[in-house]
Amino acid sequence: MADEVIRISNLNVFYKNRKRKLFSKADKKIQALHDVSVTMEEGEVLAIAGESGCGKSTLARAIVGINKDYTGEIWQKYDRPQMVFQDPYNSLNPAKKIGWLLEEPLRVDKERQWTKEERRARIEEIMKDIELPLSMLERYPSQLSGGQRQRVCIGIALMRSPKVLIADEPVSALDVTIQAQIMELMTNLHKKLGISIIFISHDLRVVYQMSDHVLIMKNGRVVEYGKTRDVYRNPQADYTKALLKAAGIT
Ligand SMILES: Nc1ncnc2c1ncn2[C@@H]1O[C@H](COP(=O)(O)OP(=O)(O)OP(=O)(O)O)[C@@H](O)[C@H]1O
Ligand SMILES: [Mg+2]
């Protein structure tokens with residue numbers, strides 16, 4: 001059996017209730033995840049699927065340490081994973097050039113001092129990985145297309161060679177043709193770098209193409225978890241069957 005890189009046991013995640021009425025009890029919490037357990041193996045692509053609001057991003061943010069209010073256990077073999085977000089338009093500082101943005105994770109690296117030459121070499125390497133010409137290092141985010149910006153976001157996440165990458169709906173803000181290109185890039189990077197990827201999507205066709213295991217969620221709970229092929233061939237939960245049917249798959 002492959003090594004585990006992440007093991008989540010009985011995870012419950014809470015948010016503060018945003019709608020606080022004047023005379024109601026303060027600090028009432030909303031529970032967004034209920035008793036979620038899942039493991040991830042080294043080098044695999046684990047998909048998290050389910051309809052909007054089911055808790056996919058909540059789970060991702062708990063794993064990377066953004067959602068801190070939880071009970072249960074999140075065990076990780078490596079440092080926290082890097083994350084790529086849905087919207088490449090809002091996740092890049094518009095005032096900085098692409099070269100500066102890619103360099104930033106190295107400048108703030110607490111584990112290692114990078115010389116100027118090392119930083120430049122790493123940036124050039126990553127530009128190859130994300131398949132962008134070096135001339136784009138001098139541009140601002142607004143001078144790039146959505147797909148190019150998402151490539152930059154992926155590049156920033158990869159700068160310090162993380163062992164695990166979490167991509168939260170990395171293509172849903174992009175045009176369909178660009179979506180396919182970014183998915184292909186992610187597949188290539190997965191093969192080339194051997195990293196483990198948590199891939200969040202509500203597109204069950206893409207999930208089938210991309211993932212080794214799939215976690216299906218509904219209302220903050222795990223509905224089904226297994227090898228993607230097995231789940232698609234022989235779904236156990238009625239909810240999974242309905243999702244596959246709605247996607248035109250079964
Ligand atoms: N910061 C927050 N404060 C309060 N509730 C939140 C917060 N973020 C998310 N929620 C709630 O937690 C639940 C899960 O949200 P989450 O964003 O994880 O869903 P999702 O599966 O990622 O949905 P989508 O596919 O639309 O991105 C939802 O009911 C949502 O309204
Ligand atoms: Mg989400």
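To be clear, the structure that these remarks concern was listed above.
Definitions and cut-offs
Residues numbered from 1 in each chain as written. Chains lettered and ligands numbered in written order. Predicted model: local features only at pLDDT ≥ 70, side-chain atom pairs only at ≥ 80, totals over all residues. Heavy atoms only, no water. Axes fitted to C-alpha atoms, helices over the stretch in contact; angles between N-to-C directions. Helix = DSSP H or I, 4+ residues; strand = E, 2+ residues; numbered from the N terminus. Parallel < 35°, antiparallel > 145°, perpendicular 65-115°, else oblique. Left-handed = near helix turned anticlockwise from the far one by under 90°. Contact = heavy atoms within 4.5 Å. Nonpolar A, V, L, I, M, F, W, Y, C, P; charged D, E, K, R; others polar. Near = heavy atom within 4 Å. Polar contact = N/O pair within 3.5 Å; in protein donor to acceptor, adjacent residues only side chain to side chain. Buried < 20%, exposed > 50% of the residue type's maximum accessible area, 1.4 Å probe, protein only. Pairing = 2+ DSSP bridges. 1 Å grid on protein atoms, 1.4 Å probe; cavity = no way out; pocket = protein on both sides within 12 Å on 5 of 7 lines; lining within 4 Å. Points joined across faces, edges and corners; volume = space filled by probe spheres on them.

**Q** Please provide a residue-by-residue account of the packing of helix α4 (residues 146-158) against helix α5 (residues 176-193), values included.
**A** Where α4 meets α5, the closest approach of the two axes is 10 Å, and the angle between their N-to-C directions is 20°. As summarised for this structure, α4 and α5 are arranged roughly parallel, according to the angle between their axes. Taken as a pair, α4 and α5 cross one another with a handedness that is right-handed. On the side of α4, the interface is formed by G147, Q150, R151, I154 and L158, while α5 contributes I178, Q181, I182, L185, M186, L189 and L193. Taken together, the residues of the contact of α4 with α5 sort by class into eight nonpolar, three polar and one charged.

**Q** Please provide a residue-by-residue account of the site of ligand 1, values included.
**A** Not every one of the 14 residues close to ligand 1 is listed here, only the nearest: S52, G53, K56, S57 and T58. In the environment of ligand 1, an oxygen atom lies 2.5 Å from a nitrogen or oxygen atom belonging to the side chain of T58. In the model, an oxygen atom of ligand 1 is placed 3.3 Å from a nitrogen or oxygen of the E169 side chain. Secondary-structure elements contributing two or more residues to the shell around ligand 1 are β1 (4-16) and α1 (56-63). Tallying contributions element by element places α1 first for the shell around ligand 1, with four residues.

**Q** Explain α1 residue by residue, including any values.
**A** Burial analysis of α1 places six of its eight residues in the buried class, the great majority of the element. Along α1, the residues that are buried comprise K56, T58, L59, A60, A62 and I63. A positive backbone phi angle near 90° is found at G65, which sits one or two residues after α1.

**Q** Talk me through the sheet that holds strand β5 (residues 82-84); I want residue IDs and the actual numbers.
**A** With mixed pairing, the six strands of this open sheet are ordered in space as β5-β6-β7-β3-β8-β9. Strands with a single pairing partner mark the edges of an open sheet, and in this sheet they are β5 and β9 (221-227). Sheet twist, expressed as the mean angle between neighbouring strand axes with direction ignored, is 15°. Two elements, strand β3 (residues 45-49) and strand β7 (residues 196-200), share four bridges in a ladder whose sense is parallel. Paired with A47 across the strands is F199, a residue of β7. α5 rests against β3, β6 (164-168) and β7 of the sheet, and its axis sits at about 160° to β7.

**Q** Break down empty space enclosed by the protein for me, citing the residues and quoting the values.
**A** Any space left empty among the atoms is revealed by the rolling of a water-sized probe across them. Counted by the stated rule, this structure contains one cavity of 30 Å³ or more. Roughly 40 Å³ of volume is contained in the largest cavity. Taken together, I6, I8, V38, T39, M40, L46, I48, I63 and I198 make up the lining of the largest cavity. Every element with two or more residues in the lining of the largest cavity is listed here: β1, β2 (29-41) and β3. With three residues, β2 is the largest single contributor of residues to the lining of the largest cavity. Classifying every residue of the lining of the largest cavity by side-chain character gives eight nonpolar, one polar and no charged.

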